Each structure stands twice: as structure tokens, then as C-alpha cells.
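# Summary of the model geometry
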Amino acid sequence: MSTLKERLRSDLTAAMKSRDELVKSTLRMTLTAIGTAEVAGAEARELGDDEVLAIIRKEAKKRAESAEAFAGAGRDELAAQERAEGEVLARYLPAQLSDDELAEIARAAVEQTASELGERPGQRQMGQVMKHATAAVAGRADGKRLATAVRSLLA
């Protein structure tokens, strides 16, 4: 079993003992999503830490999108609930990169693409630049933030 999954389960047990409903329900939903992913496909398999982290990242993104939708619809109590669940999941995600670090990674990706192409990349080569930048970021920043940083350098 992956260590991250074990940590989720032990934190769920602790939340149940302390009667923390928010953490308990959030971790149950996340562990259910992990279990569903484990049995999806031709045969059941155990997920590694990277795959579990990807599921947690996906669940956190769902919470952020739901909170935004609820806030836009004037349902502030539901938006607050989704944000709180997102904060619980954020405990298990790696620290996000700062804007300066993100800009530096984008700059390096542009330079790497320029050396491969033999010329400075433009908007048409954004996919190639994003390929290098996404590999360097490795899930420590949102794709929208990364694309904005790359786009500003290519403009």
C-alpha cells in the first residue's frame, strides 16, 4: 500500500475519533475515489503514491471549481463548504510554486525549446514549450498559471 494512502486512512481514523465531520467526509470521498481508480480497468491493482497524489489533485480541483460555481450562483454556504474541503485536501499536496519560480521555469522551458528549434519560439510553438514546462513543474502549480507565464514570455 502506498504511504500516502496509509496516511489518508490514519488521518480518517483520527478524524473519526475526534468527530471532525469535515475531515472525515472529505477523506472518505477521496479514499472512495482512490478505490474506484484501483478497480478500474481490466484487473484491480494497487496505486502508487504518484497516482494517489494525482487523484488528490483532481479532487482538490473539483472542489475549487465547485466553490467557484456555487459562489457565482449566490450559494455562499455551499461555496464555503467546498473551499473547506479543498483546504483539507491541500494538506496532502506538495507546496505550490511561487510566481517567481513559475516564471523562471517558463523562461527555462522557452530557452530549451529555442535551442531545439534553432530560433526563438512563438505562439505557434506554445505546445512544445508547455511540454517542457509541465515536466519541470511536476504538479506543483496549476496548468492555468503555467500557461499564463509561458504565454507572457511568448508574446
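Structural notes, computed from the coordinates. (Residues numbered from 1 in each chain as written. Predicted model: local features only at pLDDT ≥ 70, side-chain atom pairs only at ≥ 80, totals over all residues. Heavy atoms only, no water.)

Next up on the list: the overall build of the protein chain. The helix and strand inventory of the protein chain stands at seven helices and zero strands. Along the chain direction, N to C, the helices and strands of the protein chain fall in the order α-α-α-α-α-α-α. Here the C-alpha radius of gyration of the protein chain, 19 Å, is well above what a compact globule of 155 residues would show, namely 15 Å. Along the three orthogonal principal directions, the C-alpha set of the protein chain runs to about 60 × 45 × 30 Å. Expressed as a percentage of the 155 residues in the protein chain, the buried residues total 33%. Here the contacts in the protein chain between residues at least 6 apart in sequence split such that 60% fall between residues at least 24 apart. Of the roughly 9,400 Å² that the protein chain leaves accessible, carbon and sulfur atoms contribute 52%. For the protein chain, the centre of its 24 positive side-chain charges and the centre of its 26 negative side-chain charges are spaced 3 Å apart. (Helix = DSSP H or I, 4+ residues; strand = E, 2+ residues; numbered from the N terminus. Rg over C-alpha atoms; globule rule 2.2 N^0.38 Å. Buried < 20%, exposed > 50% of the residue type's maximum accessible area, 1.4 Å probe, protein only. Contact = heavy atoms within 4.5 Å. Areas by Shrake-Rupley, 256 points an atom, 1.4 Å probe, with all protein chains shown as cover. Lys, Arg positive; Asp, Glu negative; His and termini not counted. Charge placed at Lys NZ, Arg CZ, Asp CG, Glu CD.)

Counting 18 residues, the largest nonpolar core has Leu 4, Leu 8, Leu 27, Ile 34, Val 52, Ile 56 and Tyr 92 as the members making the most contacts within it. Top element by residues in this core is helix 3 (residues 49-72). It accounts for five residues. Counting 17 residues, the second-largest nonpolar core is a separate cluster that includes Leu 102, Val 129, Ala 147 and Leu 154. (Core = buried A, V, L, I, M, F, W, Y, C linked by side-chain atoms within 4.5 Å.)

What follows deals with the side chain of Glu 38. Inspection of the secondary structure puts Glu 38 in helix 2 (residues 21-39). Within the local environment of Glu 38, its side chain forms a polar contact with the side chain of Lys 5, the two groups lying 2.7 Å apart. When neighbours within four sequence positions are excluded, Glu 38 is seen to be in contact with Lys 5, Glu 43, Ala 44, Arg 45, Glu 46 and Leu 47. (Polar contact = N/O pair within 3.5 Å; in protein donor to acceptor, adjacent residues only side chain to side chain.)

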